[in-house]
Protein chains: 2
Amino acid sequence: MPREHVGIRDVAAAAGVSVTTVSHVLNDTPHTRTSELTKARVRAAAEALGYQPNRLARGLRTRASGMIGLLTEEIATTPHAGRIILGAQEEASRHNLTLAIINSRLNQDADIESAQVQAFIDRQADGIIYATVYHDEVVPPDELLSVPAVLVGARDRLGEIPSVMPDERAGATSVVDLLVRTGHRRIAFAASSVDVPATRGRLQGYRDGMAAAGLDPDAFVVEAVSEAIGGYEATMGLLDHGADPATRPTAVFCYNDRMAMGAYRAAAELGLSIPQDVSVVGFDDQDPIAASLYPALTTVALPHYELGAWAVETLTSLMEGRDELRLLGAHPTLLACPIVERASVAPPARA
Amino acid sequence: MPREHVGIRDVAAAAGVSVTTVSHVLNDTPHTRTSELTKARVRAAAEALGYQPNRLARGLRTRASGMIGLLTEEIATTPHAGRIILGAQEEASRHNLTLAIINSRLNQDADIESAQVQAFIDRQADGIIYATVYHDEVVPPDELLSVPAVLVGARDRLGEIPSVMPDERAGATSVVDLLVRTGHRRIAFAASSVDVPATRGRLQGYRDGMAAAGLDPDAFVVEAVSEAIGGYEATMGLLDHGADPATRPTAVFCYNDRMAMGAYRAAAELGLSIPQDVSVVGFDDQDPIAASLYPALTTVALPHYELGAWAVETLTSLMEGRDELRLLGAHPTLLACPIVERASVAPPARA
DNA sequence: CTGAAAGCGCTTACAG
DNA sequence: CTGAAAGCGCTTACAG
């Protein structure tokens, strides 16, 4: 029957040493000499009593809570936001840190955000991650400047906080490259009409790729709402008018997977087979669309897990006082968006 | 310029009172009399100095960390698991509690789970939520019995820990009720071949509904893998053979939205319009399928947010020592799964 | 190689 | 109505 609460003094008593010694051996305190015999006795006593140090007490003394806070905008509504959390949590565990989470609802009062950051600070968070979506720049609460902090998904206006985001642009370019390599030259882009950074980045990436291949970057760009219905309408517009297979696009690169879903429906209604008659590519690798569509959708994955892991990794460096990392604030780190090749791309039909 | 760190003694000094008094007025300690004048002075001083109590120190003293731990299986891969976290986090905030999260990977060593629970305990978590999916019963680490704890998504084998889960069965029954009310009598169920609780619950609920309506609960049950391809095959089997519209099902209730996605494709290939020729219903209200399908899918929502909120709510009661709640362990609390009516259900065509 | 003591920043009987 | 003092469970100079 273990005692109600076994503390360091119980271990000391059981081992016949002082609490100082117990602390040193259990923590392997550097620059400290303890005889192997004593060490063994302490460890045995700790083991026997099932001693578990109280992290709160240690934190109070060392001024390090061993906790980092993640303030994330819309955990709920962002596809795969869970993977950001997962990446952050697992990386935190690797550093023996605990991850606390607070959800920040979109468009709320700035005072509430301040209070949320403050809640982490009151708990002596060693660092804070501020994760957003759909923003280029963000003006985080002032409180964030007083602790190690990193931004995910956006840069701060002042460029003072290290930030990381997906390289949407390069991801889009790599899609065009793949399509060109597969033999396509009339590659359409169904762009999004919503003004978020991803919209601009993906369109720009598409243009980069087209230009690099010596193709007209504007000839086949259409714009629609970034939902299935938009993809449907865009694809209809692209493939319907031209009964002329010699001039219409042979591939449709959609701004996102939801639009690709609409493109599939349009193709079906038009009697066009994917990928034989037309190739379709999405973006987001959004579960469960991408894998559930028939044929399975070739798309681009967002590095959510990596974003979260990068954030924690960078935070730990900042916490160690490597303040030169603050320089990262001016230039966001871009993480690659890998293509996930499935079955919706094939060489264009011989016209 | 605020001091490097302002503590309670700084406030006391500024207000010209003892730290005892500062603590009492800032915490509104019951059974304590303090003159309004003193209170005002203390509050003014705290405000002026920007004093923020150190929650770690308070926790050490009060033996309550103000933190609860969520150990969740597969945050990453479960659709909408984010909403469980959101519900738990927002409810926690309402109670002035912080939510810490650790992800538990499926099928891992039991020792790892023990260590994960222990990590929360070391940080003096006031309570722990153990959330799983795909399980009926679960054998949580022993450590969980030593603190206030609740289970989400499963009951524990011994029935000692309060638990909560979605009422899949009643949700399925309500779909049949809706379909019957709309005029259907030949209602098929595309069941899942995967053996998880949801499979059994939804099938049972379907049967309940059919039986209650005086219909044969077995006539139109088919089984397939719980993915789009399974829904496609099941629907093909159901609607293809009978060129006879007089005997084939007029509605297909799919085990989940992914299967419904396959059902849509089958209907399209068969030249059947939804909902004019056949009604389709899913389950999960899985974003982005349900709303992106055309026509938008009528389905059943899982109460993820409510599950998370219930867990925290119950935990707070347990933390207050309302131990009679442990009795809940024997009988899981079931939370309603509401139907989300969209556009895939209509009265059957007059045959 | 080991330990006595101070202190992290609070709360809380207890006394007055 | 207010305050001195102990103590939550650790870590860490410092002394020996």
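Computed from a predicted model, the values in this text were never measured in an experiment. By convention here, each chain's residues receive numbers from 1 onward along its written sequence. Chains carry letters and ligands carry numbers; both start at the beginning, A for chains and 1 for ligands, and go up in the order they are written. Thresholds applied to this predicted model are a pLDDT of at least 70 for local features of residues and 80 or more for the giving and counting of side-chain atom pairs; totals over whole chains, interfaces and linings are not thresholded and use all residues. Excluding hydrogens and water, the side-chain values take into account all heavy atoms of the structure.

Would you explain the overall build of chain A in this entry?
Helix numbers and strand numbers start at the N terminus; a helix is a DSSP run of H or I with at least 4 residues, a strand a run of E with at least 2. When helices and strands are tallied, chain A shows 12 helices and 14 strands. Put simply, the radius of gyration uses C-alpha atoms, and a globule should come to 2.2 Å times the residue count raised to 0.38. Here the C-alpha radius of gyration of chain A, 27 Å, is well above what a compact globule of 351 residues would show, namely 20 Å. In this scheme, a residue with accessible area under 20% of its type's maximum is buried, one over 50% is exposed, and one in between is partly exposed, where area comes from a 1.4 Å probe on protein chains only. Residues classed as buried in chain A amount to 55% of the 351 residues present. By definition, residues are in contact when any of their heavy atoms lie within 4.5 Å. Excluding contacts between residues fewer than 6 apart, the proportion of contacts in chain A whose partners are at least 24 apart in sequence is 71%. In chain A, 30 side chains carry a positive charge and 44 a negative one; their mean positions are 8 Å apart. In this charge count, Lys and Arg are treated as positive and Asp and Glu as negative; neither His nor the chain ends contribute. A charge is said to be at NZ when it belongs to Lys, at CZ for Arg, at CG for Asp and at CD for Glu.

So what exactly am I meant to see when it comes to the pairing of strand β9 (residues 221-224) of chain B here?
Successive residues of a regular strand alternate their side chains across the two faces of the sheet. Residue and element names in this part refer to chain B. Strand direction decides the pairing type here: strand β8 (residues 187-192) and β9, joined by four bridges, are parallel. Looking at β9, one finds that Phe-189 is bridged to Val-221. If you view a crossover with the strands going away from you and the path from the first strand over the helix to the second runs clockwise, you call it right-handed. Chirality of the crossover, the property in question, places the unit of β8, helix α8 (residues 197-212) and β9 among those that are right-handed. Strands pair, by our definition, only if DSSP identifies at least two bridges between them.

Please explain the relation of the copies chain A and chain B as it appears in this structure.
Both copies of the chain are related through a single rotation about an axis accompanied by a shift along the same axis. The copies were overlaid with a least-squares fit restricted to C-alpha atoms from residues scoring a pLDDT of at least 70 in each copy. Superposing chain A onto chain B takes a rotation of 180 degrees combined with a translation of 0.0 Å along the rotation axis, leaving an RMSD of 0.1 Å. Expressed as an axis order, the relation between the two copies is that of a two-fold axis. Minimal C-alpha separation from the rotation axis in chain A is found for Ala-100 of chain A, amounting to 2.0 Å. Here 100% of the interface residues in chain A have copies in chain B that are interface residues too; the copies meet face to matching face.

I'm lost on the nonpolar core in this one. Help?
Buried together is how nonpolar side chains tend to be arranged in soluble globular proteins. One finds Tyr-206 and Phe-253 of chain A together with Tyr-206 and Phe-253 of chain B to be the most contacted residues of the largest nonpolar core, which totals 90 residues. Apart from the residues within four sequence positions on either side, Tyr-206 of chain A is in contact with Ala-172, Thr-173, Val-176, Ile-187, Ala-188, Phe-189, Pro-217, Phe-220, Val-221 and Phe-253 of chain A. In plain words, nonpolar cores are sets of buried Ala, Val, Leu, Ile, Met, Phe, Trp, Tyr and Cys residues tied together by side-chain atoms within 4.5 Å. Counting 40 residues, the second-largest nonpolar core is a separate cluster that includes Ala-88, Val-150, Val-152 and Val-164 of chain B.

What's the story with the protein's contact with DNA strand D in this structure? I'm lost.
Consider each residue's heavy atoms; a residue with any of them within 4 Å of a molecule or strand counts as near. Lining the immediate surroundings of DNA strand D are 26 residues, of which Arg-61 of chain A together with Thr-20, Arg-33, Thr-38 and Arg-63 of chain B lie closest. The sugar-phosphate backbone supplies 64% of the atoms of DNA strand D found within 4 Å of the protein. Counted as a polar contact is a pair of N or O atoms within 3.5 Å, where, for protein atoms, one must be capable of donating a hydrogen and the other of accepting one, and residues adjacent in sequence contribute only when both atoms are in side chains. Between DNA strand D and Arg-61 of chain B, the relevant distance is 3.4 Å, taken from a base oxygen to a main-chain nitrogen or oxygen of the residue. For the surface near DNA strand D, the secondary-structure elements that each account for two or more residues are α2 (19-27) and α4 (55-62) of chain A together with α2 (19-27) and α4 (55-62) of chain B. Counted by class, the surface near DNA strand D contains six nonpolar, 15 polar and five charged residues. Each residue is assigned to one class: nonpolar for Ala, Val, Leu, Ile, Met, Phe, Trp, Tyr, Cys and Pro, charged for Asp, Glu, Lys and Arg, and polar for all the others, Gly among them.

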